[in-house]
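Examination of the molecular architecture
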Amino acid sequence: MIKMFNVKQQAIDGLIDTTLLRQTAEKNGLRVADAELAESITRIPAFLNNGAFDNQRYKQVLGQNRLTPETFETMQKEEILMRRLRSVISKNAKVSDLEILEWYNWENTTTDIKYVVFKPQMYENVEVTDQMIEEYY
C-alpha cells in the first residue's frame, strides 16, 4: 500500500511545499500576531466549554493528542500563515477565459484507441526475470 500510494514521495513533496510557502511568506513579510493566534485558538470548538474557551480543556485535549501547547501553537501559527499566503496568491492570480477553456479541454480530453500497430521483431530475445515480474506487480 505504501509503495502503491507513493506515501514517501508525497510526504517529501508536502514538506517541500510547506517549506517553500513558509519562505515565500517570510520573504513577503507575512506574519501572524500573537493576538491573532490566541483568537484563532480560542475559537476552536474542541477547546470550548459552554461557548467559552477553557484553558484546562485546551491542555487536556492537547495532552490526549500528545501535543504541548508550544507545539500546537507553532503548528496553528504556520497554518494561519499558509492560509493567508494562499489567500494572497489566489486573490492576485488572474486567469483569462482562454486559459480556463484550455485547462477544461485538457482535463476533459479523452482518446478512443481502436488498435495499436507494433512490430513483433522489436520484441525478440526479451528476457524477463522473476525479480522484474515482482517489481512490476
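Residues numbered from 1 in each chain as written. Predicted model: local features only at pLDDT ≥ 70, side-chain atom pairs only at ≥ 80, totals over all residues. Heavy atoms only, no water.

Quick notes on the overall build of the chain
A tally of regular secondary structure across the chain gives seven helices and two strands. The order of α-helices and β-strands along the chain, N terminus first, is α-α-α-β-β-α-α-α-α. By the compact-globule yardstick of 14 Å for 137 residues, the chain is too spread out, its C-alpha radius of gyration being 25 Å. A principal-axis box enclosing the C-alpha atoms of the chain has dimensions of 75 × 45 × 35 Å. Buried positions account for 13% of the 137 residues belonging to the chain. As presented, the chain carries roughly 12,400 Å² of accessible surface, and 55% of it is formed by carbon and sulfur atoms. (Helix = DSSP H or I, 4+ residues; strand = E, 2+ residues; numbered from the N terminus. Rg over C-alpha atoms; globule rule 2.2 N^0.38 Å. Buried < 20%, exposed > 50% of the residue type's maximum accessible area, 1.4 Å probe, protein only. Areas by Shrake-Rupley, 256 points an atom, 1.4 Å probe, with all protein chains shown as cover.)

Describing unusual backbone geometry
Here Asn50, not a glycine, exhibits a phi torsion of approximately 55°, which is positive. By the secondary structure assignment, Asn50 is in the loop between strand S1 (48-49) and strand S2 (52-53). Phi at Asn125 takes a positive value of approximately 60°, unusual for a residue other than glycine. By the element assignment, Asn125 lies in the loop between helix H6 (97-107) and helix H7 (130-136). You can call Asn125 exposed: its relative accessible area is 77%.

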